[in-house]
Amino acid sequence: MLERLAFIALAGALGAVSRYKMQGWVNDFIGHPTLWGTFAVNVVGAFALGVVIAISEGRWNVSALTRTTLAIGFLGSFTTFSTLMYESFDRLETGDYLAAAANIGGSIVIGLIATYAGLSLGRAV
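Report on the accompanying structure. Keep in mind it's a predicted model, so treat the numbers as computed, not measured.

1. Some words on the pattern of salt bridges
- Summed over the entire model, instances satisfying the criterion amount to two salt bridges.
- Between R123 and E57 there is a salt bridge, with the nearest N and O atoms lying 2.9 Å from each other. Within this pair, whereas R123 is found in helix α5 (residues 97-124), its partner E57 is found in the loop between α2 (36-55) and α3 (64-78), the two being separated by 66 residues in sequence.
- Given a relative accessible area of 41%, R123 falls into the partly exposed group.
- Using a relative accessible area of 44% as the deciding quantity, one classes E57 as partly exposed.
- As a salt-bridge pair, D90 and R91 come within 3.5 Å of each other at their nearest N and O atoms.
- For D90, a relative accessible area of 25% translates into the label partly exposed.

2. Some details on the environment of Y97
- Following the sequence through the fold, Y97 ends up in helix α5.
- What Y97 contacts, discounting residues up to four positions off in sequence, is R91 and L92.

3. Observations regarding the nonpolar core
- Counting eight residues, the largest nonpolar core is built from M22, V26, A40, V41, V52, A71, L75 and F78.
- Those residues in contact with V52, other than ones at most four positions away along the chain, are R67, L70, A71 and L75.

4. Quick look at the side chain of T38
- Looking at the element boundaries, T38 is found in helix α2.
- A polar contact of 2.9 Å, which involves the side chain of T38, links it to the side chain of E87.

5. Notes on a nonpolar patch on the surface
- There is a patch of nonpolar side chains on the surface, built from F81, M85, I104, I108, V109, I110, L112 and I113 and spanning about 740 Å² of accessible area.
- Those elements that provide at least two residues to the nonpolar patch are α4 (81-93) and α5.
- Sorting elements by how many residues they give to the nonpolar patch places α5 first, with six residues.
- Relative to the helices and strands, F81 is located in helix α4.
- Looking at F81, the relative accessible area reads 57%, which means it is exposed.

6. Side note on the packing of helix α1 (residues 2-30) against α3
- Where α1 contacts α3, the two axes come as close as 6 Å, and the packing angle between them is 35 degrees. Our pair here, α1 against α3, has a crossing hand that is right-handed. Residue-level contacts link E3, R4, F7, I8, A11, G12, L14, G15, A16, S18, R19 and M22 of α1 to A64, L65, T68, T69, I72, G73, F74, S77 and F78 of α3.
- Grouping the amino acids of the contact of α1 with α3 by side-chain chemistry returns 11 nonpolar, seven polar and three charged.

Rules of the game
Residues numbered from 1 in each chain as written. Predicted model: local features only at pLDDT ≥ 70, side-chain atom pairs only at ≥ 80, totals over all residues. Heavy atoms only, no water. Salt bridge = Lys/Arg side-chain N within 4 Å of Asp/Glu carboxyl O. Helix = DSSP H or I, 4+ residues; strand = E, 2+ residues; numbered from the N terminus. Buried < 20%, exposed > 50% of the residue type's maximum accessible area, 1.4 Å probe, protein only. Contact = heavy atoms within 4.5 Å. Core = buried A, V, L, I, M, F, W, Y, C linked by side-chain atoms within 4.5 Å. Polar contact = N/O pair within 3.5 Å; in protein donor to acceptor, adjacent residues only side chain to side chain. Patch = residues over 30% accessible without salt bridge, like charges linked within 9 Å, V, L, I, M, F, W, Y side chains within 5 Å. Areas by Shrake-Rupley, 256 points an atom, 1.4 Å probe, with all protein chains shown as cover. Axes fitted to C-alpha atoms, helices over the stretch in contact; angles between N-to-C directions. Left-handed = near helix turned anticlockwise from the far one by under 90°. Nonpolar A, V, L, I, M, F, W, Y, C, P; charged D, E, K, R; others polar.

Next comes the structure, spelled out in structure tokens:
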């Protein structure tokens, strides 16, 4: 049990740093802080979780420790639901209802598509 917790903790640290870096890259690319950094992280995380789950479902011999480390540790800290909610609420408070709705709706719809794509890719390999 202690080994599992250590792996999750390490992967969580790596996921958090990866999230921070990816959001920074997206914002640097756009030229200023935006919702797109969080959006990109959530879509990439949804896709990656789909791949992890799919490859550990059958044909590949992925241990429960590896699956837990990747899915809960790394991707659990990499994806950003709480930030999505805060940034969307912030837009609502400032009256930018379109940005809030697009952020929430786009994250859900495109996140579901990314999850499907990840599962499909993972199951195909």
